[in-house]
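# An overview of the molecular structure
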Amino acid sequence: MLTEITGVDGQLPSGKIVIVASRYNEGICDSLVRGSVETLTEAGYTEADLEIIRVPGAWELVMVAANALDRDDVLGVVTLGCVIKGETTHDEHINRSVSDAVMQLGVQTRKPIGFGLLTCNTLEQALQRSGGTVGNKGNEAAEAVVELLRLGEKLTA
């Protein structure tokens, strides 16, 4: 019989989860942070297990996430930000660079990183993805970290 292992349930390791969030588009990012904190506390982490670090914008998410992941007490990181398209292609360069760097960071550290960077064409899209009709991507990014941590516990047992 084929075995399937997932992290949708199971034990969570003890340690810190760091939420690295942009201050740019502050109201949207605040909502993403609230969603992440809600998800992580519902999973069983306490406020003492969580650390929120604010950075100027999306570009700075990676460096601070890397610093956090270097710490032995940090189990994983949730990165949160919001880039809204403007009149130039600046958003495309930021979004691609940050997403590529976050992926590389996860591969290098082998620690879970929740990717909660909104890459929207309009403010309305961002609002709908930060607690509106499309949900809250902060919740989803935190859920991914929780699931990967549970999966890691199963794979190392």
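Residues numbered from 1 in each chain as written. Predicted model: local features only at pLDDT ≥ 70, side-chain atom pairs only at ≥ 80, totals over all residues. Heavy atoms only, no water.

In the nomenclature of an unreviewed UniProt entry, the protein chain corresponds to 6,7-dimethyl-8-ribityllumazine synthase from the organism Stieleria magnilauensis. Under Pathway (unreviewed entry), UniProt gives the following word-for-word description of the protein chain: "Cofactor biosynthesis; riboflavin biosynthesis; riboflavin from 2-hydroxy-3-oxobutyl phosphate and 5-amino-6-(D-ribitylamino)uracil: step 1/2." Here the protein chain is described in UniProt, under the heading Catalytic activity (unreviewed entry), as follows: "(2S)-2-hydroxy-3-oxobutyl phosphate + 5-amino-6-(D-ribitylamino)uracil = 6,7-dimethyl-8-(1-D-ribityl)lumazine + phosphate + 2 H2O + H(+)". (UniProt positions renumbered as here; feature names shortened; annotations may be inferred.)

This part takes up the packing of helix H2 (residues 61-69) against helix H3 (residues 90-109). Running from amino to carboxyl end, H2 crosses H3 at an angle of 10°, the nearest separation of the two axes being 10 Å. By the angle between their directions, the pair H2 and H3 is classed as roughly parallel. Note on element contacts: H3 touches H2 through Val98, Ala101, Val102, Leu105 and Thr109, opposite Val62, Ala65, Ala66 and Leu69. Here the contact of H2 with H3 is composed, by residue class, of eight nonpolar, one polar and no charged. (Axes fitted to C-alpha atoms, helices over the stretch in contact; angles between N-to-C directions. Helix = DSSP H or I, 4+ residues; strand = E, 2+ residues; numbered from the N terminus. Parallel < 35°, antiparallel > 145°, perpendicular 65-115°, else oblique. Contact = heavy atoms within 4.5 Å. Nonpolar A, V, L, I, M, F, W, Y, C, P; charged D, E, K, R; others polar.)

Turning to the UniProt feature "binding site: (2S)-2-hydroxy-3-oxobutyl phosphate" (unreviewed entry) in the protein chain, a few remarks are in order. The residues that UniProt annotates with the feature "binding site: (2S)-2-hydroxy-3-oxobutyl phosphate" (unreviewed entry) are Glu87, Thr88 and Arg129. Look at the named residues: they lie 43 residues apart in sequence, and the longest C-alpha span between them is 22.5 Å, so in the fold they stay spread out. Within the element layout of this structure, Thr88 appears in the loop between strand E3 (74-84) and H3. Here Arg129 falls in the partly exposed class, since its relative accessible area comes to 27%. (Buried < 20%, exposed > 50% of the residue type's maximum accessible area, 1.4 Å probe, protein only.)

Scanning the model with the defined rule gives seven salt bridges in all. The shortest N-O distance in the salt bridge between Asp73 and Arg71 comes to 3.1 Å. On the basis of relative accessible area, Arg71 is assigned to the partly exposed category, the value being 27%. With its nearest N and O atoms 3.7 Å apart, the salt bridge here joins Glu92 to Lys85. Salt bridges sharing partners connect three or more residues here, namely Glu51, Arg71 and Asp73. (Salt bridge = Lys/Arg side-chain N within 4 Å of Asp/Glu carboxyl O.)

Another point: a negative patch on the surface. Negative charge collects at one region of the surface, where Glu38, Glu42, Glu143 and Glu147 lie side by side. Of all elements in the fold, only helix H1 (26-43) and helix H5 (137-156) reach the threshold of two or more residues within the negative patch. With respect to the element layout, Glu38 can be found in helix H1. Of the residues examined, Glu38 reaches a relative accessible area of 42% and is grouped as partly exposed. (Patch = residues over 30% accessible without salt bridge, like charges linked within 9 Å, V, L, I, M, F, W, Y side chains within 5 Å. Areas by Shrake-Rupley, 256 points an atom, 1.4 Å probe, with all protein chains shown as cover. Lys, Arg positive; Asp, Glu negative; His and termini not counted. Charge placed at Lys NZ, Arg CZ, Asp CG, Glu CD.)

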